Amino acid sequence: MTDVKKLIEKALEMRLYSYVPYSHFRVGAALLAKDGTIYGGCNIENASYGAANCAERTAFFKAVSEGKHEFEAIVICGGHEGTALDYCSPCGICRQVMREFCDPKTFKVILAKNEDDYKEYTLEQLLPLGFGPEDLQN
Ligand code: THU
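Please read all numbers here as calculations on a predicted model, not as lab measurements.

### Section: a nonpolar patch on the surface
1) Next: The grouping of Tyr19, Tyr22, Ile44 and Tyr49 at the surface amounts to a nonpolar patch, some 460 Å² of accessible area in total.
2) Next: As for its placement among the helices and strands, Ile44 is situated in the loop between strand E2 (38-42) and helix H2 (55-64).

Okay, here's the thing in structure tokens:
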């Protein structure tokens, strides 16, 4: 797998692009596709609050809109503007979007404070008993 540190660097860079005039909570993500391409994403808020998009979904939608459907890992870096980062866990909607495209047993979700301080989970750990595309097959 591509160096985790490289993905963390990318997520931290993407965090700088977050558009957060309402929450001031900046999140960056770096999504690694199985072909080695890295897709970055940031959270993008809106005056109509419900229209906000999380960093993770921005990264997924960028990748899927370019024809990528297979992924290995995502790094997430998030925290309030001007404060030290904590481990930022993905929201339920983002976990469900991951479930659509990723194998719960092997896809890695990495929550990073910096290049040397991160925690790694499988999607299955974060979304046990999830509902996925195969559940719609008869
Ligand atoms: N947010 C993300 O982008 N990803 C997460 O994992 C958690 C929350 C965003 C949504 C909103 O713009 C801000 O953080 C506060 O909820």
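From this point, things continue past the structure.
### Observations regarding the sheet that holds strand E4 (residues 108-114)
1) Next: The strand order across the open sheet built from 5 strands is E2-E1-E3-E4-E5, with neighbouring strands paired in mixed fashion. In this open sheet, the two strands that pair with only one neighbour each are E2 and strand E5 (117-122). If you compare each strand with its neighbour and ignore which way they point, the axes differ by 20° on average.
2) Next: By the bridge criterion, 4 bridges tie strand E3 (residues 71-80) to E4 in an arrangement that is parallel. Bridged to Val75 within E4 is Ile110.
3) Next: The strands touched by helix H1 (residues 4-15) are strand E1 (25-33), E2, E3, E4 and E5; relative to E1, the strand with the most contacts, the crossing angle is about 140°.

How each quantity is defined
- Numbers given for residues are sequential positions, taken from 1 along each chain in its written order.
- Per-residue local features of the predicted model are confined to residues with pLDDT of at least 70, and side-chain atom pairs are confined, for both listing and counting, to 80 or more; whole-chain, interface and lining totals are unaffected and use all residues.
- Side-chain metrics in this entry use all non-hydrogen atoms of the structure; hydrogen atoms and water are not considered.
- Put simply, a patch holds well-exposed residues, over 30% relative accessible area, that have no salt bridge, with like charges counted together within 9 Å and Val, Leu, Ile, Met, Phe, Trp or Tyr side chains within 5 Å.
- Exposure was quantified through the Shrake-Rupley algorithm and a 1.4 Å probe, taking into account, for residues, occlusion by the shown protein chains and nothing else.
- For salt bridges, the criterion is a side-chain nitrogen of Lys or Arg within 4 Å of an Asp or Glu carboxyl oxygen.
- Under the DSSP-based scheme used, a helix requires at least four consecutive residues in state H or I and a strand at least two consecutive residues in state E, with every element numbered from the N terminus.
- One requirement defines pairing of two strands: DSSP has to find at least two bridges between them.
- For helices, the axis comes from a line fit to the C-alpha atoms of the stretch in contact; other axes are also lines fit to C-alpha atoms, and the angle between any two N-to-C directions lies between 0 and 180 degrees.
- Any two residues whose heavy atoms approach within 4.5 Å at even a single point are treated as in contact.

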